[in-house]
Amino acid sequence: MKLKGKLLLILSLLIVSALMLVGCGSKESKQAADQVTVDIFQFKVEAKDALESAVAEYMKENPNVKINVQTVGGGDDYGAALKSKFASGQEPAIMNMGGMQDVKDWIEKLEDLSDQPWVDKAFNGTLEAVTADGKIYGMPFAQEGYGFIYNKSIFEKAGIDADSIKSFDALQAAVKKLDAKKDELGLKAVISFPAKETWVTGLHLSNAAFANEFSDVVEAFNAKTIDFKYADAFKKLIDLQANYGYKPDGTKGSLNAVDYSTQVEELFALEQVAITQQGNWAYGSIAGIDEEVAKNIGFLPIPVVGAKEDSIPVGIPMYWAVNNGKDESVKDAAKDFLNWLYTSEKGKQMIIHDFKFIPPFKGYEGENLEPTDPLARDILKYSNQDRTMPWVFMGYPTGWGMDKLGADIQSYLAGDLSWNQLVENAKTTWAESRK
Amino acid sequence: MKRSKLAFWGFVGPSLFAFSLVVIIPLLVGIYYSFTDWNGIRSQVNFVGLTNYLDIFKDEGFVQAFIFTTKFTIASVISINIMGFSLALLVTRKLKISNALRTIFFMPNLIGGLILGFIWQFIFTKGFATLGELTGQRWLLGWLSNQETGFWGMVILMAWQMSGYLMVIYVAAIQNIPKELVEAAQIDGANAWERTKHIIFPLVRPAFTVSLFLTLSNSFKLYDQNLSLTGGGPANSTQMIAMNIYNTAFKFNEMGVAQAKAVVFFLVIGVITISQVYITKKSEVEM
């Protein structure tokens, strides 16, 4: 009797645990034979809603395709999450690639997209980063640009003509003028400089120097060493922002506590500073705080003394890629969706109005296909005047820009590292990673 | 005989199965990868012997993270245990609000580490700054912008979160002390401090063993609070070992090196915590 009871107990325990395990494995529901399921695993949090409505639209037109969208935000998190997706066997069909290093790392999983119809519509210089052995592995996501965002009404009140700022000296003069009128204009400081965000300093700002040392991202990616030719110009840009930047406790070291939300949402959007270095993606954050401020902003160039002083960096932040391990039917559906999104009439409307992207392709000439926000319009203006420089930071060694250079800039601001030492460190760490 | 064996495996089996699935097998696979040059993505994996292990000792970042973690562990083990024990003494006195106090002190432990980190980040960078500006106390400004404030920020955060948890352990131990002993001492003329020192301290020794073990291993392995409070910055100066390992694996794509670091880390924690348990266990007293 006793034995039977125990056996029963054990048996039921085993069954329960077995059921639990089975339950974990059988999530996938059965599909009709001709139904194709495409899983998208994407990174751009801001585009999540727009992408989901685009997907719904596409599924209406193509009832046999089912598309699932999953979004994981932030650069590092996405890379780690994508790796675990692949490791666990739940590989997505469409994913994002960051550029040359990603393509090199992931190449055996990527589908060749060279035969796609959008390839000849892409702007010059946008596909090099995802080309390997003559094959194209990525589709540009959008164009983005960054520079010194300035508050037009504050500039007006201070009597500064922003269009005339086309050199470092002009920028410095404007900053000094603003600094002198700080109290009158109600500013806490002239600039907000987020040294905590090493991507702002170590990637974006340093890009200004390296975009003039290397002609494009491919050259940066293949460079075994750097000269850091424009280190002095780079130092000037950092010192200007540090000297006239908002410092929480008055010391330069405390700049290391200023993060993106303090920089953009608190200081800039509340008109406590007049200038800040960010890109067109910041429009949403600013508009979320104050619509009026957001309407009245524009880009000043990032002037590199001794090289381009009137330009802003414009580039492709991310690429779409297709997983080559999927069935032909899934891959075809994935490619068709991407092509539809960027080249069909409906897709174009959504890219401009819902995604609020600056299109990376030609063929967006129509009247109602103009970008709507002032920062995007400014980027197009700079592009048309040929006042741009490339994004080469995506060709930096993995992790170098943020964790080596960006971290050293923090030490420099805190006074723990001399500028010469920073330059030396940058050269050696680059060379070490490219050995 | 046979029957008890069956019962033994019936009960141990399922959890052993789950344990090996999520702990033992990954550990063995991890040890295997620590001898390879895998980058986390490629399907081709090359065996490189002990190179990874030699590399990590040349890695300044790792050594620095190790030193920082050790300092942090010492500071937080001491502060958490002192606070936890004091809170336990407070709430075991016969106060009217001691039940409410217990709930309040335990509450921080119910909030996830990541969220706590963000909450305290706000307190340190915004709350402290406002207070500092109002009162003119300069040391309240610019928190988390250097290693020192980052370090103390983490110690404060962890003490705030963990001391409530340890309080519960100590409360259980203190309540297990027979009333007669304390009363007898009281009659013999021992004052509050003498009673605490000679009766309560020795009799809660088993709880000390557990609490020291928990705080020691938790502080060493800390990741989420580190990530959300300082993110390892500025200049990687507040990066702890767990974060260093994660970054090596997922930011620098060096899975092999990261696994080697993890194996070394595992051995160090193992040695430290086991010897701690051994030493404190030896000095426990039986009633």
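Residues numbered from 1 in each chain as written. Chains lettered and ligands numbered in written order. Predicted model: local features only at pLDDT ≥ 70, side-chain atom pairs only at ≥ 80, totals over all residues. Heavy atoms only, no water.

Some points on the sheet that holds strand 6 (residues 139-140) of chain A
One key point about sheets: their strands pair by backbone hydrogen bonds, in either a parallel or an antiparallel sense. Residue and element names in this part refer to chain A. We apply this condition: Pairing between two strands is assigned when DSSP locates at least 2 bridges connecting them. Secondary structure counts use DSSP, requiring at least four H or I residues in a row for a helix and at least two E residues in a row for a strand, with both numbered from the N terminus. Here, two residues are considered to be in contact whenever any of their heavy atoms come within 4.5 Å of each other. Here an axis means a line fitted to C-alpha atoms, over the contact stretch when the element is a helix, while the angle between two N-to-C directions is reported on a 0 to 180 degree scale.
Spatially, the five strands line up as an open sheet ordered 2-1-3-12-6, and their pairing is mixed. The two strands at the open ends of the sheet, each matched to only one other strand, are strand 2 (65-71) and strand 6. By the bridge criterion, two bridges tie strand 6 to strand 12 (residues 319-322) in an arrangement that is antiparallel. Note on strand 12: the bridge partner recorded for Pro 140 is Tyr 319. Against the sheet, helix 2 (residues 48-61) contacts strand 1 (36-42), strand 2 and strand 12, and its axis sits at roughly 175 degrees relative to strand 2.

Focus on the packing of helix 11 (residues 241-250) of chain B against helix 12 (residues 255-282) of chain B
Residues and elements named next belong to chain B. As a reminder, the rule being used: Throughout, the term roughly parallel applies to angles under 35 degrees, roughly antiparallel to angles over 145, roughly perpendicular to angles from 65 to 115, and oblique to all others. The crossing is said to be left-handed when, going from far helix to near helix, the turn is anticlockwise and less than a right angle, and right-handed when the turn is clockwise. Amino acids are sorted into nonpolar (Ala, Val, Leu, Ile, Met, Phe, Trp, Tyr, Cys and Pro), charged (Asp, Glu, Lys and Arg) and polar (every other residue, Gly among them).
The contact between helix 11 and helix 12 brings their axes to 7 Å, and the two run at 160 degrees. One way to sum up the angle between helix 11 and helix 12 is to call them roughly antiparallel. Once helix 11 is placed against helix 12, the crossing between them reads as left-handed. For the pair helix 11 and helix 12, contact is made by Ile 241, Asn 244, Ile 245, Thr 248, Ala 249 and Phe 250 and by Met 255, Val 257, Ala 258, Lys 261, Ala 262 and Phe 265, respectively. Per-class residue counts for the contact of helix 11 with helix 12 are nine nonpolar, two polar and one charged.

Topic: the nonpolar core
Residue and element names in this part refer to chain A. Convention followed: Joining through side-chain atoms within 4.5 Å is the link that ties buried Ala, Val, Leu, Ile, Met, Phe, Trp, Tyr and Cys residues into a set, and such a set is a nonpolar core. Any residue under 20% of the maximum accessible area for its type is buried, any over 50% is exposed, and the rest in between are partly exposed; the area is computed with a 1.4 Å probe on protein chains only.
Membership of the largest hydrophobic core comes to 152 residues, with the highest contact counts inside it found for Val 38, Phe 155, Leu 178, Ile 275, Phe 337, Tyr 342 and Phe 355. Considering every element that reaches this core, the biggest residue donor is helix 14 (residues 328-343), with eight residues. Those residues in contact with Phe 337 that lie beyond four places of it in its chain are Ile 40, Leu 51, Ala 54, Val 55, Tyr 58, Ile 67 and Ile 94.

Observations regarding a nonpolar patch on the surface
Residues and elements named next belong to chain B. Selection criterion: Patches here are clusters of residues that have more than 30% relative accessible area and form no salt bridge, with a 9 Å joining cutoff for like charges and a 5 Å cutoff for nonpolar side chains (Val, Leu, Ile, Met, Phe, Trp, Tyr). Under the convention used here, a 1.4 Å probe and the Shrake-Rupley method define accessible areas, while residue burial counts only the protein chains that appear. Should a side-chain nitrogen of Lys or Arg be within 4 Å of a carboxyl oxygen of Asp or Glu, the pair is scored as a salt bridge.
Side chains of Phe 8, Trp 9, Leu 16, Phe 17, Phe 19, Leu 21, Val 22, Val 23, Ile 24, Ile 25, Leu 28 and Val 29 sit close together on the surface and give an oily, nonpolar patch of about 1100 Å² of accessible area. Secondary-structure assignment places Ile 25 in helix 1 (residues 2-33). What makes Ile 25 partly exposed here is its relative accessible area of 44%.

Details of the domain arrangement of chain A
All names here are of chain A. For the record, the criterion: Boundaries between domains were set according to an automatic or database domain assignment. Buried area counts how much accessible surface, traced with a 1.4 Å probe, disappears from two parts once they are put together, with both parts' losses summed.
Domain parsing of chain A yields domain 1 (36-143 + 316-364) and domain 2 (146-315 + 389-433). Between the C-alpha centres of domain 1 and domain 2 there is a distance of 30 Å. Counting residues at the interface gives 12 residues for domain 1, matched by 10 residues for domain 2. The junction of domain 1 with domain 2 conceals about 1000 Å² of combined surface from both sides, 66% of it contributed by carbon and sulfur atoms.

Structural notes on the confidence of the model for chain B
What counts here: Per residue, pLDDT captures the predictor's confidence, and it can take any value from 0 to 100.
On average, residues of chain B score 88 in pLDDT, and 98% of them reach the 70 mark or higher. With pTM at 0.78, the complex prediction returns an ipTM value of 0.71.

A few points about the pattern of salt bridges
Residues and elements named next belong to chain A. The final tally for this structure, using the stated rule, is 18 salt bridges over all chains. Of the charged contacts, one joins Lys 44 and Glu 144 as a salt bridge, the two residues approaching to 2.7 Å between their closest N and O atoms. In this pair, Lys 44 sits in the loop between strand 1 and helix 2 while Glu 144 sits in strand 7 (residues 144-151), placing the two residues 100 residues apart along the sequence. Residue Lys 44 shares its accessibility class with Glu 144, and that shared class is buried. Among the ionic pairs, Glu 111 bridges to Lys 335, the shortest N-O distance being 3.1 Å.

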